[in-house]
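What follows is each chain in one-letter form.
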Amino acid sequence: MKKHTYIFLLGLIALVVVSCSTEDKFSGSPVGNQEIVTLTGTITTPVVNALTDQDVEFTASLPAGKVFNDTVTVEVTTLRSDGGRVRGYYDIMPGETSVTDKIAAVGGLVYDTTFELSMTAIELQTVEPGIHYLMTSNKIAINTGNNAIPDAESDRLKIRLVWDTPGPTNKFKCWIKKPGVAADVEGNNFTGSAIEHVIKTVSTTSNGNGSLSSKEGEYIFKLAADQQLVSPENKKYRIILVFPNGDVTVYNGIFENLTQGSLDKKDVLKITKVGSGDDAVFTTEQL
């Protein structure tokens, strides 16, 4: 399957001079007296939240009943409101009507925003005489933000908790109910902009500390107010999970009526670890 991905910023386009290229074929004007036909396709995705460069799985489909006898290439775009975008090109094979693949999320410049996923152009390997095809589709808004995704490491699941404008007087406390530990453990690894925890793939008899775990079983992550937090308020948070194989899952949530100094804890995430080493499997659920 042919696949090429490019990142564009509208402000830079004026600085680049190019000759005739594949891009011209996708967005250029038809020559002469050609009939212009706009195809309206459909794009779907299971992804609700995605940060910059995170893979977004999608299925891009031609209009119902439209089939080409040769390969066609469709352009899929993730676009944010300031013009930043990622474009990818994907082949739909002869006689087929859709392609399923992944494209990088364009991300966002502020903590809480969205970008759009859509089909934006089409190119035929075998041109139909007298017809110039354009491509459009529905647009899907995907939640995003300006938080970075930690690098993957093959021996651990990484959990990063972030929120808007973090700092000494604006932060959460995180608690973890661990398998084999009687009381909740405070997840105290506050880096200045996030709270981080890792669950290693190897299993040991002890179960680590506030920043490290290892035993198999069920983990419940809980949030509470830090005593210096201005409150009460409805405070947004984001949980970024990076799996040992590099997959990323992002959960967004709101802690409603968060009260300064309260000991109330809100369950926000369940992680279950089964197996050890290369056989370790992690399943996650937002609570």
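This text follows the structure it describes.
Since this is a predicted model, take the numbers as computed values, not measurements. (Residues numbered from 1 in each chain as written. Predicted model: local features only at pLDDT ≥ 70, side-chain atom pairs only at ≥ 80, totals over all residues. Heavy atoms only, no water.)

K.L.:
Hey, could you go over the sheet that holds strand E12 (residues 185–186) for me, with residue numbers and the actual values?
P.N.:
To summarise the sheet geometry, strands pair through backbone hydrogen bonds and adopt either a parallel or an antiparallel arrangement. The strand order E12-E11-E15-E18-E19 describes an open sheet built from five strands, whose pairing is antiparallel. Strand pairing shows two members of the sheet lacking a second neighbour, E12 and strand E19 (281–286), which therefore form its edges. In this structure, strand E15 (residues 217–225) lies alongside strand E18 (residues 266–274), joined through seven bridges in antiparallel fashion. Residue pairing for E18: Phe 221 is matched across the bridge by Leu 269. (Pairing = 2+ DSSP bridges. Helix = DSSP H or I, 4+ residues; strand = E, 2+ residues; numbered from the N terminus.)

K.L.:
Describe the side chain of Ser 137, naming the residues involved and giving the relevant values.
P.N.:
Along the chain, the position of Ser 137 falls in strand E8 (residues 131–137). Among the polar contacts made by the side chain of Ser 137, one reaches the main-chain amide nitrogen of Met 119 at a distance of 2.9 Å. Leave out the neighbours within four places in its chain, and Ser 137 touches Thr 40, Gly 41, Thr 42, Ile 43, Ser 118 and Met 119. (Polar contact = N/O pair within 3.5 Å; in protein donor to acceptor, adjacent residues only side chain to side chain. Contact = heavy atoms within 4.5 Å.)

K.L.:
If you had to explain the side chain of Thr 78 to someone new, which residues and values would you point to?
P.N.:
Mapped onto the elements of the fold, Thr 78 is located in strand E4 (residues 72–79). Judged by its relative accessible area of 0%, Thr 78 is buried. Here the side chain of Thr 78 touches Ala 104 through a polar contact of 3.1 Å, landing on its backbone oxygen. Sequence-distant contacts of Thr 78, that is, excluding residues within four places in its chain, are made with Gly 84, Arg 85, Val 86, Ile 103, Ala 104, Ala 105, Val 106, Phe 115, Glu 116 and Leu 117. (Buried < 20%, exposed > 50% of the residue type's maximum accessible area, 1.4 Å probe, protein only.)

Read these as geometric descriptors, not functional statements.
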